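# Residue-level structural notes
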Amino acid sequence: MDGRSPRPLPVSAQIGTDLKAQIAQGVYPPGAALPSTRALAVELGVSRTTVTAAYDQLIAEGYLETRPGARARVAAGLRAGQAPAAAAPMPPHHLSAFGRRLLAEPAPAAAPGPAIDFRYGDLSGDDFPVLAWRRALSAVLLRRPARLGYGDPRGLPELRAALQAYLWRARGLSCSLDQIVVVNGSQQGIDLCARLLVDPGDRVVMEDPGYGAARRVFAAAGAAIQPVPVDAEGLQTGRLAGIGPARLAYVTPSHQFPLGGVLSAARRQALLAWAEACGATVVEDDYDGEYRFDARPVEALLSLDRAGRVVYVGTVSKTLSPQLRLGYLVVPPALSDAFTEAKRLADRQAPGLEQAALAGLLAGGGYERHLRQARRRNAGRRAALLAALADSFGGQVRVEGAAAGLHLVAWFDRVPAAAEIEMAAAARAAGVGIYPVGPLYHDAQARPDRAGLLLGFAGSEPDTIRAGIRRLAAALTTGASAGS
Ligand SMILES: Cc1ncc(COP(=O)(O)O)c(C=O)c1O
């Protein structure tokens, strides 16, 4: 491949392909006359020469016959099935056990968001540091290496060094360069964890409610998912003893997704002790640890790990853009080779240009300058959302998990959980995208019977956020009075 998109077929070839398909479908049976070249040219809005070229090609291939002065006809000897088989049913493909498990899990909805969208995970395009990124990227391009080849599957050495320094400054982590593997976003990091650490049937502990994209990875790997409830202090580690040993636990200790609890110090110790006792790996997803609005960022769980049980997962999806697909793992030294080789097999390495640009941004201080700005802007959005919820809903709404990150959960304590779907539909009809928390619960029976909405605020400006919540309130009031 040369990287360009495939060239479209010439128009005469497209006409030829369409005619063959119609012959195969019996629209023109053997012996039937085709439209004259003049008539078809007028109908299709193309030149007669183009249609004649298409007919000539089909004559050459034996699909059509001509006699002087008469219209072209479908070759009399053409049997059904001789024509290109548009209709012949293909034997079904064998889908692997992985593929079957994958499709058995509900896929996220792909509907485009309405005008005002509280979809969690999106960032505002205005926040991307266009100039700094362009400078960093240009600097990389101007270096013009003598050869273009594949690099270290763990990532560019300069990026890993810059990440090592950043993780120490920003997250209190000290690790060796060999422990860092640059990946295509957290998602690939979690996927590599599943490939390397989980066999079908292995028990995997997951927070409930929790991050669906991680749950799908482990479920598709054939894990027996063991949901463990969370509260304001994160995963209820007291429950671990009752469930017995597991292969892996996936947690979001700095800011539990979606409810926002911070895993308490006692629970951190308990989780690490449990992992050590049963030989489990703890996957720490630190997806938005950079955003804490009330205090300094919380320390990473990895910094307490003396026994080498934690795989730390970081990403730039909340700090720069989810479109970059750049993330990083800090893996225990004993797993470094396995992750390196798994990454090599998955895709050889993360994209080099972007890695080098990120390294430049980190090393030159531009990343943290941008982060300070992004924090300020997101603090403004968060304040706008909290104030708008209070103005429009007052005591009807209780907010959870707003101290950190780029989303919060709004609970409607007096509305049953079953109403979430209708609320989302009413909001969508009014041009507002809101997202029920229901799908984030693994154990639907264990979820509280009250409606909850996951509201991301990083994708819209404060004015839009305020307008969205006003519209939402109006839509829900109208829906409620129409239903009463
Ligand atoms: C819990 C959690 N982890 C990770 C991510 C980011 O994933 P990625 O780095 O693959 O974009 C998100 C994004 O929404 C998230 O909510």
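From a predicted model like this one, the values you see are computed outputs, not experimental measurements. (Residues numbered from 1 in each chain as written. Predicted model: local features only at pLDDT ≥ 70, side-chain atom pairs only at ≥ 80, totals over all residues.)

Glancing now at the overall build of the protein. The helix and strand inventory of the protein stands at 15 helices and 16 strands. Burial statistics for the protein: of 484 residues in total, 40% are counted as buried. (Helix = DSSP H or I, 4+ residues; strand = E, 2+ residues; numbered from the N terminus. Buried ≥ 20, exposed ≤ 12 C-beta atoms within 10 Å, placed from the backbone.)

Looking now at the environment of Arg 466. Structurally, Arg 466 is set in helix α15 (residues 462-483). According to the C-beta neighbour criterion, Arg 466 is partly exposed, with 18 such atoms within 10 Å. Sequence spacing of Arg 466 and Leu 385 is 81 residues, and the spatial spacing of their C-alpha atoms is 6.6 Å. Filtering out sequence-adjacent residues up to four positions away, Arg 466 remains in contact with Ala 384 and Ala 388. (Contact = placed C-beta atoms within 7 Å.)

What follows deals with the sheet that holds strand β11 (residues 327-330). Pairing between the strands of a sheet is mediated by backbone hydrogen bonds and can be parallel or antiparallel. In spatial order, the strands read β4-β11-β10-β9-β8-β5-β6-β7; together these eight strands make up an open sheet with mixed pairing. Where the open sheet ends on each side, the last strands, each with one partner, are β4 (180-183) and β7 (234-235). Each of β4, β8 (248-251), β9 (281-285), β10 (310-315) and β11 is contacted by helix α7 (residues 185-197), which is oriented at about 155° to β10, the strand it contacts most. (Pairing = 2+ DSSP bridges. Axes fitted to C-alpha atoms, helices over the stretch in contact; angles between N-to-C directions.)

So, on to the nonpolar core. Core analysis: the largest hydrophobic core is formed by 111 residues, its most contacted members being Phe 218, Ala 249 and Leu 329. Each of two domains, domain 2 (116-120 + 369-483) and domain 3 (129-366), supplies a minimum of three residues to this core. (Core = buried A, V, L, I, M, F, W, Y, C linked by C-beta atoms within 7 Å. Domains from an automatic or database assignment.)

Bringing the domain arrangement of the protein into the picture now. The domain architecture assigned to the protein consists of domain 1 (11-74), domain 2 (116-120 + 369-483) and domain 3 (129-366). Placing the centre of domain 1 and that of domain 2 at their C-alpha centroids yields a distance of 58 Å.

In the vicinity of the ligand, 13 residues are found, and the nearest of them are Gly 185, Ser 186, Tyr 287, Thr 315 and Ser 317. With three residues, α7 is the single largest residue contributor to the shell around the ligand. In the shell around the ligand, the residues fall into four nonpolar, eight polar and one charged. (Near = placed C-beta within 6 Å. Nonpolar A, V, L, I, M, F, W, Y, C, P; charged D, E, K, R; others polar.)

The feature "domain: HTH gntR-type" (unreviewed entry), as annotated in UniProt, sits at residues 9-77 in this numbering. Secondary structure content for residues 9-77 is 51% helix and 6% strand, while the C-alpha to C-alpha distance between its ends is 29 Å. (UniProt positions renumbered as here; feature names shortened; annotations may be inferred.)

Turning our attention to helix α12 (residues 352-363). Helix length check: α12 (twelve residues) gives 16 Å between terminal C-alpha atoms against 16 Å at 1.5 Å per residue, within 8%. Within α12, nine of the twelve residues are buried, which leaves the element mostly enclosed by the surrounding structure. Considered for burial, the residues of α12 that qualify are Glu 354, Gln 355, Ala 356, Ala 357, Leu 358, Ala 359, Gly 360, Leu 361 and Leu 362. Structurally, α12 contributes buried residues whose contacts are with α5 (130-142), α6 (157-171), β4 and α13 (366-393). At the exit of α12 stands Gly 365, carrying a positive phi of roughly 90°. (Expected span 1.5 Å × (residues − 1).)

A word on the packing of helix α1 (residues 11-24) against helix α3 (residues 48-60). Packed helices, taken two at a time, are described by the angle their axes make and the gap between the axes. With their axes 8 Å apart at the nearest point, α1 and α3 run at an angle of 50° to one another. If you check the angle between α1 and α3, you find them oblique. Handedness of the crossing formed by α1 with α3: right-handed. In this structure, α1 contributes Val 11, Ser 12, Ile 15, Gly 16 and Leu 19 to the contact, and α3 contributes Thr 50, Val 51, Ala 53, Ala 54, Gln 57 and Leu 58. A per-class count over the contact of α1 with α3 returns seven nonpolar, four polar and no charged. (Parallel < 35°, antiparallel > 145°, perpendicular 65-115°, else oblique. Left-handed = near helix turned anticlockwise from the far one by under 90°.)

In space, the four strands of this open sheet follow the order β12-β13-β16-β15, with antiparallel pairing throughout. Looking along the sheet, the strands with just one partner apiece sit at the ends: β12 (397-400) and β15 (435-436). In this structure, β12 lies alongside strand β13 (residues 407-412), joined through four bridges in antiparallel fashion. Its bridge partner being in β13, Glu 400 is matched across the sheet by Val 409.

Attention now moves to the packing of α5 against α12. Relative orientation of the contacting elements α5 and α12 amounts to 120°, with a least axis distance of 8 Å. As for how α5 packs across α12, the hand of that crossing is right-handed. In this structure, α5 contributes Ala 132, Trp 133, Ala 136, Leu 137, Ala 139 and Val 140 to the contact, and α12 contributes Leu 353, Ala 356, Ala 357, Gly 360 and Leu 361. Of the residues assigned to the contact of α5 with α12, the class counts are ten nonpolar, one polar and no charged.

In this model, Asp 208 is joined to Pro 209 through a cis peptide bond whose omega is 5°. Topologically, Pro 209 is positioned in the loop between β5 (203-208) and α8 (212-220). Note the cis peptide between Phe 257 and Pro 258, where omega equals 10°. For Pro 258, the position within the fold is in the loop between β8 and α10 (265-278). Although it is not a glycine, Arg 144 sits at a positive phi angle of roughly 40°.

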